[in-house]
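Geometric and topological summary
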Amino acid sequence: MTDAIASNVVPLKWEGDRASGTLRMLDQRRLPTEEYWQTLHSAEEVARGIRDMVIRGAPAIGIAAAFGMALGMRAFDGEHTSRALELRRLHDLLASTRPTAVNLFWALERCRQVAERLEDADNAALTDALFDEAERIFQDDRDNNLRLGNFGAALFEGPTRILTHCNTGALATGGYGTALGVIRALHAQGKLTHVWVDETRPYLQGARLTAWECVQEGIDATLITDSMAAHFMKLGQVDAVIVGTDRIARNGDVANKIGTYMLAVLCKHHNIPFYVATPLSTIDLSTASGDDIEIEQRDPAEVSHIGERQMAPEGVGVAHPAFDVTPANLVTAIITEAGVVHPPYTRSLPTLF
Ligand SMILES: CSC[C@H]1O[C@H](OP(=O)(O)O)[C@H](O)[C@@H]1O
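Residues numbered from 1 in each chain as written. Predicted model: local features only at pLDDT ≥ 70, side-chain atom pairs only at ≥ 80, totals over all residues. Heavy atoms only, no water.

- The protein has the name Methylthioribose-1-phosphate isomerase in an unreviewed UniProt entry, where Lujinxingia litoralis is given as its organism.
- UniProt, in the comment section headed Pathway (unreviewed entry), describes the protein in these words: "Amino-acid biosynthesis; L-methionine biosynthesis via salvage pathway; L-methionine from S-methyl-5-thio-alpha-D-ribose 1-phosphate: step 1/6."
- Note on the protein: under the UniProt heading Sequence similarities (unreviewed entry), the record states "Belongs to the EIF-2B alpha/beta/delta subunits family. MtnA subfamily." (UniProt positions renumbered as here; feature names shortened; annotations may be inferred.)

1. A word on the site of the ligand
- In the neighbourhood of the ligand, 19 residues make up the surrounding shell, with Gly 57, Arg 98, Asp 246, Asn 256 and Lys 257 lying closest.
- Between an oxygen atom of the ligand and a side-chain N or O atom of Asn 256, the distance comes to 2.5 Å.
- In the complex, the protein chains occlude 100% of the 400 Å² of accessible area that the ligand would expose alone.
- Broken down by secondary-structure element, the contributors of at least two residues to the shell around the ligand are α2 (58–75) and β9 (254–257).
- Classifying every residue of the shell around the ligand by side-chain character gives 6 nonpolar, 9 polar and 4 charged.
- Residue-level mapping places the shell around the ligand at the junction of two domains, with at least three residues from each of domain 1 (12–145) and domain 2 (147–351). (Near = heavy atom within 4 Å. Polar contact = N/O pair within 3.5 Å; in protein donor to acceptor, adjacent residues only side chain to side chain. Areas by Shrake-Rupley, 256 points an atom, 1.4 Å probe, with all protein chains shown as cover. Helix = DSSP H or I, 4+ residues; strand = E, 2+ residues; numbered from the N terminus. Nonpolar A, V, L, I, M, F, W, Y, C, P; charged D, E, K, R; others polar. Domains from an automatic or database assignment.)

2. Re the confidence of the model for the protein
- For the protein, mean pLDDT is 96; residues scoring 70 or higher make up 98% of the total.
- For the protein, the element scoring lowest by mean pLDDT is strand β12 (residues 305–306), at 95; strand β10 (residues 274–277) scores highest, at 99.
- Note that pLDDT drops below 50 for residues 1–7; the model gives that stretch 12 contacts with residues more than four away or on any other chain.
- This prediction of the complex comes with two scores: 0.96 for pTM and 0.98 for ipTM. (pLDDT = per-residue confidence, 0-100. Contact = heavy atoms within 4.5 Å.)

3. Re the environment of Ala 65
- Within the secondary structure layout, Ala 65 lies in helix α2.
- Taking the C-alpha atoms as reference points, Ala 65 and Ala 95, 30 residues apart in sequence, are found 8.3 Å from one another.
- Contact partners of Ala 65, with chain neighbours within four places excluded, come to Val 46, Ile 50, Leu 94, Leu 104 and Leu 108.

4. Brief notes about the UniProt feature "binding site: substrate" (unreviewed entry) in the protein
- Mapped onto the present numbering, the UniProt feature "binding site: substrate" (unreviewed entry) falls on Arg 56, Gly 57, Ala 58, Arg 98, Gln 205, Asn 256 and Lys 257.
- Along the chain, Ala 58 falls in helix α2.
- The class of Ala 58 is buried, set by a relative accessible area of 3%.
- When neighbours within four sequence positions are excluded, Ala 58 is seen to be in contact with Ala 101, Asn 103, Ala 172, Thr 245 and Asp 246. (Buried < 20%, exposed > 50% of the residue type's maximum accessible area, 1.4 Å probe, protein only.)

5. Quick word on the domain arrangement of the protein
- Assigned domains within the protein: domain 1 (12–145) and domain 2 (147–351).
- Put simply, the middle of domain 1 and the middle of domain 2, counted by C-alpha atoms, are 26 Å apart.
- Counting the surface domain 1 buries against domain 2, the share from its top three residues, Thr 100, Asn 144 and Asn 145, is 26%.
- There are 1 salt bridge connecting domain 1 and domain 2.
- A salt bridge links Glu 296 to Arg 98; the nearest nitrogen and oxygen atoms lie 2.9 Å apart.
- Inspection of the region where domain 1 meets domain 2 yields 25 residue pairs in polar contact (both at pLDDT 80 or more).
- At the level of elements, α2, α4 (102–117) and α5 (123–153) are the ones that each hand at least two residues to the side of domain 1 that touches domain 2.
- Among the elements that take part in the side of domain 1 that touches domain 2, α5 stands out by supplying 6 residues, more than any other.
- Of the residues that constitute the side of domain 1 that touches domain 2, the class distribution is 14 nonpolar, 6 polar and 9 charged. (Buried area = accessible area lost by both parts, 1.4 Å probe. Salt bridge = Lys/Arg side-chain N within 4 Å of Asp/Glu carboxyl O.)

6. Details of the sheet that holds strand β11 (residues 283–284)
- Sheet architecture is open: 4 strands sit in the order β11-β8-β9-β14, paired in mixed fashion. Here the strands that pair on one side only, and so sit at the sheet edges, are β11 and β14 (323–326).
- Across 2 bridges, strand β8 (residues 247–249) lies against β9 in antiparallel orientation. Following the sheet pairing, Ile 248 is matched in β9 by Val 254.
- Contacts between helix α9 (residues 260–270) and the sheet are confined to β9 and β14, with β14 contributing the most and set at about 30° to the helix. (Pairing = 2+ DSSP bridges. Axes fitted to C-alpha atoms, helices over the stretch in contact; angles between N-to-C directions.)

Written as structure tokens, this is what we have:
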């Protein structure tokens, strides 16, 4: 039995009371043809859901990890190990799932600080506080996206045609979205003419998820292959590119889905603005530059196969970096819930906090 999804899409939800309730995750691997909600009972199941991309998108991953910490603490009985060692185990279990999106580590640090503040509280009180923190991270992200959406929409005077990459919508966040949040705001304000949706090989977040969100919301969108972006820019049919991010370094370098750097170079060539939409939680001032961001290498089968269908011969080498880094000098502006900043980012990013 699958639940009907309300128009205000979210990637996960808590069901029941905190003592026995469960986390429900929309299995994004099955979209757009099947809306199936997984039921998760433990930190281990949450970790698997993140690693297997049942849930994906930097903010959504952070929210899921925070609920994973709360579920893990709920299960802790103190019989076989100390609370401190169990909290460290849970942290490391969830932190090992995916390396690039800083929100995962940002959310786990928020949970660590809760546990530190409640060092002398009993397990039940700590569990409750971790659930509070997970719900706060969830709601804050949604609220932030509404604000950043409006800041982004204000960059555009009239009707505009946006090209976007991957999925940065409600499915990747606590709701509403980052780059797709700006697109939603433009749509709501009557300033959106059209959206070009990059399919985003190999995982097809654009074709499967962004296109699905646009259809759900009645946003006029055209699905294109990643290799078509240059063609439509050359025809003068793209007014701006807006993408999300998984980590922005202190100098403004942007780690995002593979193929983003290619778009930024194309924008430079065609003199098209290249915007990055992000919550502050994805800006990592502790990382100096893009050179210091670990790029996740995923299973080659995600490239050599489409679903179960093998598209490449056995024996051929396969590369699968899941992200790339766009240098700050190709980024026109960074849109956040605290406002829009422009280069030099080493100076402008710290003003947001
Ligand atoms: C709003 S963050 C979305 C961000 O996450 C995606 O990566 P993945 O689908 O592998 O989790 C992609 O980089 C998006 O820009």
